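Secondary and tertiary structure notes
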Amino acid sequence: MTHTDNGSSPAAEQAARGRAADTSRGEQTRQAIVASAIRLFGEAGYEKTTMRAIAADAGVSVGNAYYYFPAKEALVSEFYLELQREHLARVEPILRSGTSFGDRLAAMLREGIEVWAPHHAFAGRFIGIAAVPGSPVSPFSAESSEARELATSIFHRLVDSTETKMDPQLRARLPQLLWLAQLGLVVYWVHDTTPGQRRTRAVVDLAVPYLEYLVGASRMKIFKPLTTRGLNLLDALWPHAAG
């Protein structure tokens, strides 16, 4: 049996290339299904869009569509995950910059608005789906854990790298608080009908310096009771988010 320079046989290399090609085609199929689903959700509404219609639009069989996504909710979850991945890619340079905590946080939130912007026309429908109790696409569900962990990881990196002095207990929980704040910002953005959602952008510009001040003030003893109460409130909320 002959071997290539790296020690593998030609047959093994050919099989590996075949697997890579299959993976690439599979990923293209997944992306096509998601793109079709999001477009049809926006045009016809979530409830009226069927998996059959999605499959036809994507140019795949219904069975193939169900192979990749067993239900429409899985498509919405995948869409959320794609948004988180795009946001992460956009904030990488911001996280590595040497700017202040507030400047980086504001820039990260603005990038989030840019990621969401193309989907504003029908984003409210997705919010409605996520708001249904027990919905698998809720940001607090077990099914959404990957997207939730990816989102909070961004804020963990921000907090871990900041030199802003703050209460140690707050520092440990601040990424979770920032994620919850971002959720609130998304809901506000959905209802913002101003051109380019400029009111949401103004909220970021006004709220972040205020938040940065509160974070810095938390290190002062006089604010300790207030910080403790806030963290106790987070403890009451977060188990639901943790699944």
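Residues numbered from 1 in each chain as written. Predicted model: local features only at pLDDT ≥ 70, side-chain atom pairs only at ≥ 80, totals over all residues. Heavy atoms only, no water.

**Section: a nonpolar patch on the surface**
Together, Tyr210, Tyr213 and Leu214 make up an exposed nonpolar region whose accessible area comes to about 360 Å². Summarising the element assignment, Tyr210 is placed in helix α9 (residues 198-217). Given the relative accessible area of 54%, Tyr210 is considered exposed. (Patch = residues over 30% accessible without salt bridge, like charges linked within 9 Å, V, L, I, M, F, W, Y side chains within 5 Å. Areas by Shrake-Rupley, 256 points an atom, 1.4 Å probe, with all protein chains shown as cover. Salt bridge = Lys/Arg side-chain N within 4 Å of Asp/Glu carboxyl O. Helix = DSSP H or I, 4+ residues; strand = E, 2+ residues; numbered from the N terminus. Buried < 20%, exposed > 50% of the residue type's maximum accessible area, 1.4 Å probe, protein only.)

**Topic: the pattern of salt bridges**
The tally for this structure, following the rule as stated, stands at 13 salt bridges. Of the charged contacts, one joins Arg157 and Glu92 as a salt bridge, the two residues approaching to 2.8 Å between their closest N and O atoms. With a gap of 65 residues between them, Arg157 in helix α7 (residues 145-161) and Glu92 in helix α4 (residues 72-96) connect regions that are remote in the sequence. Residue Arg157 is classed as partly exposed on the basis of its relative accessible area, which comes to 35%. Note that Asp235 and Arg173 form a salt bridge whose closest N and O atoms lie 2.6 Å from each other. Of the two residues, Asp235 is situated in helix α10 (residues 224-241) and Arg173 in helix α8 (residues 168-190); the sequence distance between them amounts to 62 residues. Among the charged side chains, a salt-bridge network with shared partners connects Arg30, Glu78, Arg85 and Glu146.

**Examining the packing of aromatic side chains**
Tallied over the entire structure, the rule returns 9 aromatic pairs. For the pair Phe79 and Tyr80, a centre-to-centre distance of 6.3 Å together with 35° between the ring planes defines the contact as tilted. Relative to Trp179, the ring of Phe140 lies with its centre 5.8 Å away and its plane at 85°, an arrangement referred to as edge-to-face. On the criterion of sequence distance, the pair formed by Phe140 in the loop between α6 (120-131) and α7 and Trp179 in helix α8 is long-range, its members being 39 residues apart. Look at Phe140 and you get partly exposed, because its relative accessible area is 35%. A cation sits over an aromatic face here: Lys72 above Tyr46, 4.4 Å from the ring centre. (Phe/Tyr/Trp six-rings, centres within 6.5 Å; stacked < 30°, edge-to-face > 60°. Lys NZ or Arg CZ within 6 Å of the ring centre and 35° of its normal.)

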